[in-house]
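Chain and residue survey
Letter by letter, the chains look like this.
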Protein chains: 2
Amino acid sequence: MDIIEAKEQFIQAWGTLGSSWGISRTMAQIHALLLVSSEPLSADDIMEKLQISRGNTNMTVRELIDWGLVYKEIIVGERREFFVAEKDMWQVSRCILRERKKRELDPLKRVFDSLAQVSNNSQTKDNQDFIKLIKDIQTLSEGADTILNKLIKVEKNWFLESFLKLFSKKKKISKDKA
Amino acid sequence: MDIIEAKEQFIQAWGTLGSSWGISRTMAQIHALLLVSSEPLSADDIMEKLQISRGNTNMTVRELIDWGLVYKEIIVGERREFFVAEKDMWQVSRCILRERKKRELDPLKRVFDSLAQVSNNSQTKDNQDFIKLIKDIQTLSEGADTILNKLIKVEKNWFLESFLKLFSKKKKISKDKA
DNA sequence: CTAAACTTTCAAAAAAAAATGAAAGTTATT
DNA sequence: AATAACTTTCATTTTTTTTTGAAAGTTTAG
């Protein structure tokens, strides 16, 4: 497999993976295309390479900019806008984490904060169970929130060097196995 | 807000949240309904309470069972099957993490393992960058994999007591603030 | 100011995902 | 073995999400 082919496969694969990440195929493909392009691309370049419409290209690039995954780049003497992708994949991960947390976790917390205010005057077993369910979900979602916030803030090296080591400790092999 | 109302809101909210988690609204709603029911429910109970079709109910309950979120329960003297939800929310989180990892992270790793085998004979800057991109994505996805596997295995108390504390250390307030 | 170059919007079309329900399949009872 | 009670399947319909493209809007240059 040569590099050209590999890049095409990358764009295709990133697009497919995007769907399972709740990101539209086009959005993921544009992102991938910009990631593998050494030069900034114009809206027309993107349209042509991915065979998509102008409207779709414009809207999707805007969204990528909102996420912080793509930047506008001005080229002197050119009137058109050009776009480049954020190439630091740790930064990319942070953007994706932040946006997915915003979409997937924050609404959960909001809903349960309001649900937690349910009055608990009837003390049947059934109702106690419901109150506990709400509390449990809140505890866990706050835990998830704490972890995600930390991951979003943290430096790449801290993640790769300190944090990951917490998880990769080898299991001690006990003598009684021998 | 009384408990009945709160439960209905819970089912509704869990359904809506489900969509943003890549889970169909019905699947999340059935799950929520079973979570708030103290008694096991039959397929007919579910159909009636959520106003959905038999086919949909059956397929979705099967999927919830596959995920490990719902169990069949046999009631003596009843021919029909009854269903109950896993009530331990930590266990529920694990199931959801495991299934989402399977859907969202594992395919990523597979794709990039195959892309990593791209030949690197032409040593242009451009190609070096591409190779680096692939490597970076692999490093990060392996990191994510390690963390998720650990979280899926770990005990609830370890998560809430030891793990979370790593993240919630209070910032030292320095004197120059005063 | 005006035309050209480029960008944005949004109603309508297409595609993808989810739900329906009738028919086929199973299993337990008599 | 026949019937009744219940479950599963899947082609079709409905709903939701994504994309299109023509029209409207903006900005720059002369």
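With respect to the sheet that holds strand β3 (residues 82-85) of chain B
Residue and element names in this part refer to chain B.
- The three strands lie next to each other as β1-β3-β2, forming an open sheet whose pairing is antiparallel. A single partner strand is all that each edge strand has here, and the edge strands are β1 (41-42) and β2 (70-73).
- Bridge count for β1 against β3 is two bridges, and the pairing is antiparallel. Counted as the bridge partner of leucine 41 is phenylalanine 83 from β3.
- Against the sheet, helix α4 (residues 54-67) touches β2 and β3, its axis set at about 110 degrees to β2.

Some thoughts on the protein's contact with DNA strand D
- Taken together, 16 residues form the shell around DNA strand D, and within it Thr26, Ser53 and Arg79 of chain A together with Asn58 and Arg62 of chain B come nearest.
- Each atom of DNA strand D within 4 Å of the protein was assigned to sugar, phosphate or base; sugar and phosphate come to 66%.
- In the model, a phosphate oxygen of DNA strand D is placed 2.3 Å from a nitrogen or oxygen of the threonine 26 of chain A side chain.
- Those elements giving two or more residues to the surface near DNA strand D turn out to be α4 (54-67) of chain A together with α4 of chain B.
- With five residues, α4 of chain B is the largest single contributor of residues to the surface near DNA strand D.

Describing the protein's contact with DNA strand C
- Asn58 and Arg62 of chain A together with Thr26, Ser53 and Arg79 of chain B are the nearest of the 16 residues found near DNA strand C.
- Counting only atoms of DNA strand C within 4 Å of the protein, the fraction found in sugar and phosphate groups is 65%.
- Arginine 79 of chain A is positioned with one of its side-chain polar atoms (N or O) 3.0 Å from a base nitrogen of DNA strand C.
- For the surface near DNA strand C, the secondary structure elements donating two or more residues are α4 of chain A together with α4 of chain B.
- A total of five residues in the surface near DNA strand C trace back to one element, the largest contributor, which is α4 of chain A.
- For the surface near DNA strand C, the residue count by class is two nonpolar, eight polar and six charged.

Concerning the domain arrangement of chain A
All names here are of chain A.
- Assigned domains of chain A: these are domain 1 (3-85) and domain 2 (89-163).
- At the interface, ten residues of domain 1 touch eight residues of domain 2.
- Overall, the association of domain 1 and domain 2 removes approximately 830 Å² of surface from exposure, summing both partners, and the carbon and sulfur fraction of that is 66%.
- When residues of domain 1 are sorted by the area they lose upon contact with domain 2, Trp21, Trp67 and Leu69 head the list and together hold 63% of the total.

Let's talk about the packing of aromatic side chains
- Scanning all chains against the criterion turns up eight aromatic pairs over all chains.
- Ring geometry for phenylalanine 112 of chain A versus phenylalanine 10 of chain B: centroids 5.7 Å apart, planes at 80 degrees, classification edge-to-face. Of this pair, phenylalanine 112 of chain A sits in helix α6 (residues 106-115) while phenylalanine 10 of chain B sits in helix α1 (residues 3-20), on two different chains. As far as the burial class goes, phenylalanine 112 of chain A and phenylalanine 10 of chain B line up, both buried.
- Centroid distance phenylalanine 130 of chain A to phenylalanine 10 of chain B: 6.0 Å. Interplanar angle 85 degrees. Geometry classified as edge-to-face.

Here's the deal with the interface of chain B and chain A
- Across the boundary between the two partners, chain B contributes 49 residues, which contact 49 residues of chain A.
- Carbon and sulfur atoms make up 75% of the area that chain B and chain A hide from each other, which totals about 4700 Å².
- Our count for the contact surface shared by chain B and chain A stands at four salt bridges.
- Inspection of the region where chain B meets chain A yields eight residue pairs in polar contact (both at pLDDT 80 or more).
- At the level of secondary structure, the elements contributing two or more residues to the side of chain B that touches chain A comprise α1, α2 (25-36), α5 (89-104), α6 (106-115), α7 (125-153) and α8 (156-163) of chain B.
- No other element matches the 14 residues that α7 of chain B contributes to the side of chain B that touches chain A.
- Split by residue class, the side of chain B that touches chain A holds 31 nonpolar, ten polar and eight charged.

Some details on the sheet that holds strand β3 (residues 82-85) of chain A
Residues and elements named next belong to chain A.
- One open sheet holds the three strands; their spatial order is β1-β3-β2, and the pairing between them is antiparallel. Only two strands of the sheet have a single neighbouring strand rather than two, namely β1 (41-42) and β2 (70-73).
- Looking at chain direction, β2 and β3 are connected through four bridges and run antiparallel. Looking at β3, one finds that glutamate 73 is bridged to phenylalanine 82.
- Along the sheet, helix α2 (residues 25-36) makes contact with β1, β2 and β3, crossing β3 at roughly 85 degrees.

A look at the pattern of salt bridges
- Going through the model one piece at a time under the given rule, you end up with 28 salt bridges over all chains.
- Across the pair arginine 98 of chain B and glutamate 99 of chain B runs a salt bridge whose closest N-O atoms are separated by 3.9 Å.
- Taking the relative accessible area as the measure of exposure, arginine 98 of chain B reaches 34% and is therefore partly exposed.
- Glutamate 99 of chain B sits in the buried class, given a relative accessible area of 9%.
- Ionic contacts of the salt-bridge type, sharing partners, join the residues Arg100 and Glu104 of chain A together with Arg100 and Glu104 of chain B into one network.

What counts and how
- Residues numbered from 1 in each chain as written.
- Chains lettered and ligands numbered in written order.
- Predicted model: local features only at pLDDT ≥ 70, side-chain atom pairs only at ≥ 80, totals over all residues.
- Heavy atoms only, no water.
- Pairing = 2+ DSSP bridges.
- Helix = DSSP H or I, 4+ residues; strand = E, 2+ residues; numbered from the N terminus.
- Contact = heavy atoms within 4.5 Å.
- Axes fitted to C-alpha atoms, helices over the stretch in contact; angles between N-to-C directions.
- Near = heavy atom within 4 Å.
- Polar contact = N/O pair within 3.5 Å; in protein donor to acceptor, adjacent residues only side chain to side chain.
- Nonpolar A, V, L, I, M, F, W, Y, C, P; charged D, E, K, R; others polar.
- Domains from an automatic or database assignment.
- Buried area = accessible area lost by both parts, 1.4 Å probe.
- Phe/Tyr/Trp six-rings, centres within 6.5 Å; stacked < 30°, edge-to-face > 60°.
- Buried < 20%, exposed > 50% of the residue type's maximum accessible area, 1.4 Å probe, protein only.
- Salt bridge = Lys/Arg side-chain N within 4 Å of Asp/Glu carboxyl O.

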